[in-house]
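Residue strings, one per chain:
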Amino acid sequence: MELKRFSPVLKSILITAILLGLHKLVFGFFLPEIESSYHFSLLLLYGFFGLCSALITLVSVILKKYSINSVGQVFLLTTFLQILACFAIFYAPINTSETLIPTEKPNFLIVFLLFLAIETILTVRLLNKNQ
């Protein structure tokens, strides 16, 4: 029964793996030369965002047990911390004038927004459970 409580975290990890596979397939078939010239590989991006997503979901699941009223606020705080980490780690290398690939910035933004949507959906489903 305890494992069922952590199913949103497992769903987050599973969704990350599926999305990484689909993204690799799209790049493998349509844009094979572009992915290899990105500053940050897809594996690194999905690893970072997948880890952040799993941690945010895990914090939400654990906090729900103690205080369901604080889950939304802590979700916003952890999402803000994720944005700060993204800015600190990824902004400078992607925003340099040496970045000649015009699809790297939109690719990063799409992956970021995709994981933001996943985290939000999982947290909303967690909060709406048992009502």
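Further up the page is the structure itself.
Positions within a chain are numbered from 1, following the residues in the order the chain's sequence is written. At least 70 in pLDDT is required for a residue's local features to be given in this predicted model, at least 80 for side-chain atom pairs to be given and counted, and no such filter applies to totals for whole chains, interfaces and linings, which use all residues. To get the side-chain values, take all heavy atoms of the structure and skip hydrogens and water.

(A) Up close: the overall build of the protein. Helix and strand content of the protein: six helices and zero strands. For the protein, the succession of helices and strands along the chain, N to C, is α-α-α-α-α-α. Taking the principal axes of its C-alpha atoms as reference, the protein extends roughly 50 × 30 × 20 Å. In the protein, which comprises 131 residues, the proportion classed as buried is 37%. Only DSSP runs of H or I reaching four residues or more are called helices, and only runs of E reaching two or more are called strands; each is numbered from the N terminus. Relative accessibility thresholds used throughout: buried, under 20% of the residue-type maximum; exposed, over 50%; partly exposed, between the two (1.4 Å probe, protein chains only).

(B) Geometry of helix H5 (residues 71-94). One fewer than the residue count of a helix, multiplied by 1.5 Å, yields its expected span. The terminal C-alpha atoms of H5 lie 33 Å apart, and with 24 residues this matches the ideal 34 Å at 1.5 Å per residue to within 8%. Within H5 the residues assigned to the buried category are Val 71, Phe 75, Thr 78, Thr 79, Gln 82, Cys 86, Phe 90 and Ile 94. Working rule for contacts: check all heavy atoms of both residues, and any pair within 4.5 Å makes them a contact. Those residues of H5 that are buried are in contact with helix H4 (42-66) and helix H6 (104-128).

(C) Examining the side chain of Thr 16 more closely. Within the secondary structure, Thr 16 is located in helix H2 (residues 7-30). Those residues within four positions of Thr 16 in sequence are excluded, and the remaining contacts are Tyr 46, Gly 50 and Phe 115.

(D) Up close: H6. In a regular helix each residue adds 1.5 Å, so 25 residues correspond to 36 Å; H6 covers 36 Å between its end C-alpha atoms and thus fits that length. Taken residue by residue, H6 has Glu 104, Asn 107, Phe 108, Val 111, Phe 112, Phe 115, Ile 118, Glu 119, Leu 122, Thr 123 and Leu 126 as its buried positions. Residues of H6 that are buried make contact with H2, H4 and H5.

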